[in-house]
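# A structural walkthrough
What follows is the residue order along each chain.
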Amino acid sequence: IEGRFANIIMSTIRAEKRISNIVLKENNIREPGLLELGKSLVFNKNIKRIELDKALIKSYYLDYFILGMGIYDNYSVKELNLSNNYLTGNAEKNLIKIMLKLKELKTLNLSNNEIKNGFSSFFVDLKKLYQKNETKIENLILNLCHFDDSCFVELGELLKCKFCKLKKLFLIDTKFSN
């Protein structure tokens, strides 16, 4: 599915209430696809899992997903897989916004992305969300990522926080600079 044709598929997701899992692996849905996906989440309250593995998503595409949801929050999505994409360290703000929009999100998979420098603020912001009880993330999957020292330090601070609700943290083959 290319991004320019995404509205054809997504309109079905909006209307068909029996759909609970969205699997768009290995599709180039681009900005229009993420915009339409966000709109679909407003109308279909039964979606539990979204798989966007190998969907060629860049960090700034996430803006369109947030824009598609508008002022509405979603209380049904429990799992979001953004692994094997082109997310970089500058995706952290949009990921936090997505977690604020997906109120019941429990599993976030960011494995095998180009998350490197600058991602430490994600852990700082996630800690703040836990402190304010604004996220329910229990499973954080960060396999095959590359972190700098500040990411490692902030991840440690997050794990020490008494409000942290993480039950599973996956760091398989994750590289730390030191």
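Below you will find a few notes about this structure. On a predicted model such as this, the values are computed, not experimentally measured, just so you know. Within each chain, residues carry numbers counting from 1 in the order of the written sequence. Per-residue local features of the predicted model are confined to residues with pLDDT of at least 70, and side-chain atom pairs are confined, for both listing and counting, to 80 or more; whole-chain, interface and lining totals are unaffected and use all residues. In computing side-chain properties, one takes all heavy atoms of the structure into account and sets aside hydrogens as well as water.

## Details of the overall build of the protein chain
Only DSSP runs of H or I reaching four residues or more are called helices, and only runs of E reaching two or more are called strands; each is numbered from the N terminus. For the protein chain, the helix and strand inventory stands at six helices and eight strands. Shown N-terminal to C-terminal, the secondary structure of the protein chain runs as helices and strands in the order α-β-α-β-α-β-α-β-α-β-β-α-β-β. C-alpha atoms define the radius of gyration, and 2.2 Å times the number of residues to the power 0.38 defines the globule rule. Against the 2.2 N^0.38 benchmark of 16 Å for 178 residues, the protein chain shows a C-alpha radius of gyration of 16 Å, consistent with a compact globule. Each residue is assigned to one of three classes by its accessible area relative to the maximum for its type, calculated with a 1.4 Å probe on protein chains only: buried under 20%, partly exposed between the two thresholds, exposed over 50%. Every one of the 178 residues in the protein chain was classed for burial, and the buried ones make up 48%. A separation of at least 24 residues holds for 88% of the contacts in the protein chain among residues at least 6 apart in sequence. Carbon and sulfur atoms form 53% of the exposed surface of the protein chain, whose accessible area is close to 8,700 Å². Charged side chains in the protein chain number 29 positive and 21 negative. The centres of these two groups are separated by 6 Å. By the convention used here, residues are in contact when the closest approach between their heavy atoms is within 4.5 Å. Only the protein chains shown count as cover for residues, and all accessible areas are computed by the Shrake-Rupley method using a 1.4 Å probe. Working convention for charge: Lys and Arg count positive, Asp and Glu count negative, and His plus the chain ends are omitted. To locate a charge, take atom NZ for lysine, CZ for arginine, CG for aspartate or CD for glutamate.

## Brief notes about the sheet that holds strand S7 (residues 168-170)
Between any two strands, at least two bridges found by DSSP are needed for them to pair. The parallel open sheet is built from six strands, whose spatial order is S1-S2-S3-S4-S5-S7. This sheet does not close on itself; its edge strands, each paired only once, are strand S1 (21-23) and S7. The average undirected angle you get between the axes of adjacent strands in this sheet is 0°. Axis angles are defined between N-to-C directions and span 0 to 180 degrees, where every axis is a line fitted to C-alpha atoms and, for a helix, only to the segment in contact.

## Some points on helix H3 (residues 62-69)
Along H3, the positions that sit buried rather than exposed are Leu62, Phe65, Ile66, Gly68 and Met69. Down the axis of H3, the smallest arc covering the buried residues is 160°, so these residues share one side. For H3, the secondary structure elements touched by its buried residues are helix H2 (30-43) and helix H4 (92-101). Positive phi appears at Gly70, one or two residues downstream of H3, with a value of about 60°. The reported arc concerns the directions from the helix axis to the C-beta atoms and nothing else.

## Some thoughts on the nonpolar core
The tendency in soluble globular proteins is for nonpolar side chains to be buried side by side. Residues belong to a common nonpolar core when they are buried Ala, Val, Leu, Ile, Met, Phe, Trp, Tyr or Cys residues joined through side-chain atoms within 4.5 Å. By size, the foremost hydrophobic cluster in this structure holds 49 residues, and its most contacted members are Leu52, Phe122 and Phe123. For this core, the elements supplying multiple residues, two or more each, are helix H1 (6-15), H2, H3, H4, helix H5 (120-131) and helix H6 (149-160). In this structure, Leu52 is in contact with Leu24, Ile29, Leu34, Leu37, Ile57, Asn81, Leu82, Ser83 and Asn85, ignoring residues within four places of it in sequence.

## What about a nonpolar patch on the surface?
A cluster of nonpolar side chains, Ile1, Phe5, Ile8 and Ile9, forms an exposed patch at the surface whose accessible area comes to about 350 Å². Mapped onto the secondary structure, Ile1 falls in the segment before H1. Judged by its relative accessible area of 37%, Ile1 is partly exposed. Each patch is built from salt-bridge-free residues with over 30% relative accessible area, joining like charges within 9 Å and nonpolar side chains (Val, Leu, Ile, Met, Phe, Trp, Tyr) within 5 Å. Basic side-chain nitrogens of Lys or Arg form a salt bridge, by our definition, when they fall within 4 Å of a carboxyl oxygen of Asp or Glu.

## Re the environment of Ser111
Relative to the elements of secondary structure, Ser111 occurs in the loop between strand S4 (107-109) and H5. Ignoring sequence-local partners within four residues, the contact set of Ser111 consists of Ser83, Asn84, Ile141, Leu142, Asn143 and Cys145.

## Here's the deal with the packing of H1 against H2
At a minimum axis distance of 9 Å, the contact between H1 and H2 shows a crossing angle of 10°. When the axes of H1 and H2 are compared, the pair comes out roughly parallel. Contacts from Ala6, Asn7, Met10, Ile13 and Arg14 in H1 reach Pro32, Gly33, Glu36, Leu37, Lys39, Ser40 and Phe43 in H2. Each residue receives one of three labels: charged for Asp, Glu, Lys and Arg, nonpolar for Ala, Val, Leu, Ile, Met, Phe, Trp, Tyr, Cys and Pro, and polar for the others, Gly being one of them. Residues of the contact of H1 with H2, tallied by class, amount to six nonpolar, three polar and three charged. Geometric relationships in this document are graded by angle, where less than 35 degrees denotes roughly parallel, more than 145 denotes roughly antiparallel, 65 to 115 denotes roughly perpendicular, and other angles denote oblique.

## A word on the pattern of salt bridges
Across all of its chains, the model carries 13 salt bridges by this definition. We note a salt bridge from Glu36 to Lys39, for which the minimum N-O separation is 3.5 Å. You can see Glu36 and its partner Lys39 sitting in helix H2, three residues apart, about one turn around the helix. With a relative accessible area of 12%, Glu36 lands in the buried category. Here Glu157 and Lys160 are joined by a salt bridge, their closest N and O atoms 3.0 Å apart. Note that Glu157 and Lys160 are positioned in helix H6 at a spacing of three residues, about one turn of the helix. Residue class for Glu157 comes out partly exposed when judged on its relative accessible area of 30%. One salt-bridge network, held together by shared partners, links Arg14, Glu36 and Lys39.

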